[in-house]
Amino acid sequence: MTAPNLLDLDRALAGISGERMAATVTTLAGAPFTGRRVGTAGGAAARAWLADLLVEAGGTLATSAFPVPAIPDVYAAPTVRWSDGRTTYPLTFGRDVIVHLSSADLADGRDGPLGVAGVDEPTGRWLLVPAAMTLTDAYRNAGGALGLLVGRAVDGDGWHYTMLAGPAPGPLPVLTVETGLHDRLTAATGAGGASWSANAPIRRVDLQGTNLHARLRSARAGGPDLLLTAHYDGVGDHPRLRQPAAADNASGVAVICEAARLLSASLPEGIGLSVALLDGEEAGALGSAHHADQLAAAADQPLVINVDGAGHLNQTAAIEAGGPAHGLLALLDQAGRHTGLPLAAGPVASDNRRYAAAGLAAVGIGAGMAGYHSPADTADRVDAATMTAICRLVVATVWLANSSPAKLSSLIGDKR
Amino acid sequence: MTDVNTQGGFAGDPVAALSVSGTGGCCGNPPQTTLSLPEPAGAAATCCGTAAEAKAENTCCGSAAKADAVATGNGCCG
């Protein structure tokens, strides 16, 4: 164990380019990659582009595929309209209405009067599910119904968010409706004469995910070995609805690739370093689960640093740790002090949990983001300064791993 | 050494990151694969709100809490 040369670290930190990371985000969020949903052509194209990036960084590349079953796929933009008995209102996919994860497939539209679940006779009606009623209870009140309409708030940009991981499909078409509209529909139903027309084109597809791995440095015997991870998949575009997945998680990928590029060229000998760009996080962190199993089988025990969401820092970066991570947390704390980035314990529900569950020391790092899982997650809303701050934290943490955490405070000269 | 900034790092004990609230939420993870830690019934998680909120919305996380958490940069639900 040697003392880290902090002048060399500072030189490395000075080489971090927010501009280069922003360019990476712009590319990954571009239309050719179609939101990078697992198992899609866009996801494969993004992976190929990233593979080249890792090779350019000096990595020895490998890939590993894994099954991803029953991914929901909205295969057409639903056509939805409603009438209060006098006027017909067309509704906008993504803003007014989306297909609920629990929905059964309904390719062709169904027209019928509106009713309220638990109040009106269900047969032949689209049923509004009251806010206090669960979907399970709604099904009990929906015999013969055309489908269900569930209210849900949209985000600050007026978009519904997309999830890939969730409940299995139920027996009826289910649409998610913006809560204000849901209230208006309920009022119109009470007044009488309101009707609803919609389809719910959603299917489940079995796909394959693929992780990218790159070894950049081998650890000396008994020396620290670090694994940097970020998921490159997104929730994917819907028909006629782009969802760029810029902050979540092109930003994290950009941070890890930039850190790898710098560390490959400057990291002191003896520190092991590898990168995993993971697929299938949005499908339930399946890529990291697959990789964690591989590490366990090989008895590899790297220290894992996962970045998910480096879009817009709001004072502090959130840190969630798992597994035997006390030493890693001490490194992170010292790196935060050295780079001036405040850290706070906070949930980072991401791939880091898979590695921690496998018994590895793992931390997740997250900063804020705009447009979570929606069309508003665009590259222009990813803050280059945030990515720079997170990248500085990651690079410093890896660099400081060459020291005993107990000695780092004096090494850095921090008086706190 | 060229920069030492005492504003950075954890303000409290870093070990708190090993037991953050909200780890029982399932943002990004379906219930069957959630790597959950037990949480007291009715406790509101930073990321996902309360179990009752989530249940009322037929989702695994309360959307209002999640939207707030994302907007304020709590780093959750990624």
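All of these numbers come straight from a predicted model, not from anything done at the bench.

**A word on the overall build of chain A**
In terms of regular secondary structure, chain A is built from 11 helices and 16 strands. In summary, chain A has a C-alpha radius of gyration of 24 Å against a globular reference of 22 Å for 416 residues, a match within 12%. Taken along the three principal axes of its C-alpha coordinates, chain A extends 80 × 40 × 35 Å. Sorting the 416 residues of chain A into buried and exposed places 59% on the buried side. Considering only contacts in chain A between residues 6 or more positions apart, those separated by 24 or more positions represent 82%.

**Remarks on the overall build of chain B**
In terms of regular secondary structure, chain B is built from two helices and one strand. Scanning chain B from its N terminus toward the C terminus, one meets helices and strands in the order β-α-α. Residue burial in chain B is summarised as follows: out of 78 residues, 50% are buried. Across chain B, the fraction of contacts at a sequence separation of at least 24, relative to all contacts at a separation of at least 6, is 32%.

**Things to note about the environment of B:S19**
Here B:S19 is to be found in the loop between strand 1 (9–10) and helix 1 (51–56). Sequence separation of B:S19 and B:Q7 is 12 residues, and the distance between their C-alpha atoms is 23 Å.

**Considering the packing of helix 2 (residues 18–28) of chain A against helix 6 (residues 246–266) of chain A**
Packed helix pairs are specified by the crossing angle of their axes together with the interaxial distance, meaning the distance between the axes. All names here are of chain A. Two elements in contact, helix 2 and helix 6, have axes separated by 9 Å at closest approach and are oriented at 135°. Considered as vectors, helix 2 and helix 6 are oriented oblique to each other. When the axes of helix 2 and helix 6 are compared, the crossing they make is right-handed. Of helix 6, the residues touching helix 2 (which contributes R20, M21, T24, V25 and L28) are A246, A250, S251, V253, A254, V255, C257 and E258. Class assignment for the residues of the contact of helix 2 with helix 6 results in nine nonpolar, two polar and two charged.

**Description of the sheet that holds strand 5 (residues 106–116) of chain A**
Note on sheets: strands pair through backbone hydrogen bonds, and any given pair is parallel or antiparallel. All names here are of chain A. As summarised here, the arrangement of the eight strands in space is 3-2-9-5-6-7-8-4, forming an open sheet in which the pairing is mixed. In this open sheet, the two strands that pair with only one neighbour each are strand 3 (88–90) and strand 4 (97–99). Here the average twist between neighbouring strands, direction ignored, is 30°. Looking at chain direction, strand 5 and strand 9 (residues 195–200) are connected through five bridges and run antiparallel. In the sheet register, D111 faces strand 9, and the bridge partner there is S197. The sheet contacts of helix 5 (residues 179–191) involve strand 2 (80–83), strand 5, strand 6 (126–129), strand 7 (147–152) and strand 8 (174–178), and relative to strand 8 the element is tilted by about 105°.

**Some words on the nonpolar core**
As a rule of thumb, nonpolar side chains are buried together in soluble globular proteins. Residues and elements named next belong to chain A. Within the largest apolar cluster, 111 residues are counted, with the highest numbers of intra-cluster contacts made by V255, V363, I390, V394 and V395. With 12 residues, the top contributor of residues to this core is helix 6. Beyond its immediate chain neighbours, meaning those up to four positions away, I390 contacts V255, V307, A310, A317, I365 and A367. In terms of nonpolar packing, the next biggest core, distinct from the first, is built from 32 residues, L128, M133, A142 and L148 among them.

**Focus on the confidence of the model for chain A**
Across chain A, the average pLDDT comes to 92, with 96% of residues at 70 or higher. For residues 405–416 of chain A, every residue scores under 50 in pLDDT, and the model assigns this stretch 24 contacts once sequence neighbours within four places are set aside.

Thresholds, definitions, all that
Residues numbered from 1 in each chain as written. Chains lettered and ligands numbered in written order. Predicted model: local features only at pLDDT ≥ 70, side-chain atom pairs only at ≥ 80, totals over all residues. Helix = DSSP H or I, 4+ residues; strand = E, 2+ residues; numbered from the N terminus. Rg over C-alpha atoms; globule rule 2.2 N^0.38 Å. Buried ≥ 20, exposed ≤ 12 C-beta atoms within 10 Å, placed from the backbone. Contact = placed C-beta atoms within 7 Å. Axes fitted to C-alpha atoms, helices over the stretch in contact; angles between N-to-C directions. Parallel < 35°, antiparallel > 145°, perpendicular 65-115°, else oblique. Left-handed = near helix turned anticlockwise from the far one by under 90°. Nonpolar A, V, L, I, M, F, W, Y, C, P; charged D, E, K, R; others polar. Pairing = 2+ DSSP bridges. Core = buried A, V, L, I, M, F, W, Y, C linked by C-beta atoms within 7 Å. pLDDT = per-residue confidence, 0-100.

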